[in-house]
Every structure is written in C-alpha cells, then in structure tokens.
Amino acid sequence: MSFPDEFDQLIRDTAMKRIADDILQGITKVREKPGLSARRWLWELMQNARDVPNDWNGVSIKVILNSNSIQICHNGQPFSLTNLNHLIMQVSSKSEGNEDDSVGKFGTGFLVTHLLSKALNLKGILKLDNEDLYRFQIEIDRSAESSLELQKKIEVLLEHNRNLKDNFEKLENYAAHENIYETVFEFPLDEESLVHAK
C-alpha cells in the first residue's frame, strides 16, 4: 500500500471509530437513564417523518404494537442515499443553520429509539439522484460491546448499500400513494422494552 493510500485508510478508520464511539456512548446514556428517553423515542421518529413531507400536505404515521415488536410506519418521501447513510452512521441530515425547516433528521435524537432495542429493521424506498427508485430492507444492529465491533457492523452495512443495485429491488413505474406506508421502522421488543413502548 502506498503512503497516500495508507494515510487515506487511517483517516477513514479514525472517522469510523469516532462514529462508533459516539453511537455507543449515546446508547449507553439512553439506557442508563431510561426514564428520560421513554417518552422521547416516539417523538423523535415523528420528527424524522415530519422532515420528509409528501405530496399530500402532511405525513401520516401509523404505530403497530404487539407483544414482541413495534412498527412505526409513515408515508413520507423516499430516503435519499445521504439520508440512509446518515441514519446508519448517526449523522444529522439537517442543513447548517436549519434553513431547510427540518427538525434534525437522524441526528443524535434518533439514538433514544435504542431504548426499545439496539437492533432494528428498516424498510423503505430509496430514491437516487438520477431518480431511480429501489425498495430496501436493512437491519441496523448496534448491539456491540466495543467500538471496533460496532465499526465492523457499520462498515458491512455501508458496503451493502454501496452495492445497492445488487442488494435492493429496483422499482419500475412506482407511484407513491397516500394510504401506503412505505417507511417502516421495526423494533423487536422484550419484556422490558415492551413497557417503554407502551
């Protein structure tokens, strides 16, 4: 490996470690003080839905709770590749100065959802800059004991997204509909997290 390549790899590794460290620290804070997050997790998901308005002048949200999972579904706009990767890496998509009127899509507030579970399944529609649309389903798994373990999980998921044309279903002639909730955040629940979900 040449020195410039080695240097670039070091920068990437350092950035990924920082991302993993921040996520683990955030989850630890949420789980150490569950009372502070118990009321906030749903609000955070609602704010994120609000930040992707649709053509029907308002995003509708549906919550489906059963004994082993909770689904939060909405009919907002499709994810962009930036949105999806920012969610995985826990980076806010909010523009500097918040001029786009977003509340803070997928920023640190999203970490409170990990009060329910450290892993979640996400289904939705991805819209690329060239207008191609893909249906996707990914698992965001943050159940790691170390920064290195979480970093590897993040890298695997980003690599999966990098190869999206092989991993996601391309949609032809797709039309969004007000009554179809394409975005679904699904959190598995155990007895303790079921209490927080209620």
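Placed above this text is the structure.
To start, this report covers the structure provided alongside it. (Residues numbered from 1 in each chain as written. Predicted model: local features only at pLDDT ≥ 70, side-chain atom pairs only at ≥ 80, totals over all residues. Heavy atoms only, no water.)

1. Some thoughts on the environment of Ile125
Here Ile125 shows up in strand S3 (residues 119-127). Note: C-alpha distance between Ile125 and Val195 (70 residues apart in sequence) is 30 Å. In this structure Ile125 touches Pro78, Phe79, Leu133, Tyr134, Arg135, Phe136, Leu171, Tyr174 and Glu182, once residues within four positions along its chain are discounted. (Helix = DSSP H or I, 4+ residues; strand = E, 2+ residues; numbered from the N terminus. Contact = heavy atoms within 4.5 Å.)

2. Comments concerning the sheet that holds strand S6 (residues 183-188)
Sheets are built from strands that pair by backbone hydrogen bonding, the pairs being arranged parallel or antiparallel. Taking strand neighbours across the sheet as the criterion, the six strands line up as S1-S2-S6-S3-S4-S5 in an open arrangement whose pairing is antiparallel. The strands lining the two open edges of the sheet, one partner per strand, are strand S1 (61-65) and strand S5 (169-171). Geometrically, the sheet is characterised by an average inter-axis angle of 20° between neighbouring strands, direction not taken into account. Summarising the sheet, S3 and strand S4 (residues 133-141) pair through nine bridges and their orientation is antiparallel. Bridge assignment links Lys123 to a residue of S4, and that residue is Gln137. (Pairing = 2+ DSSP bridges. Axes fitted to C-alpha atoms, helices over the stretch in contact; angles between N-to-C directions.)

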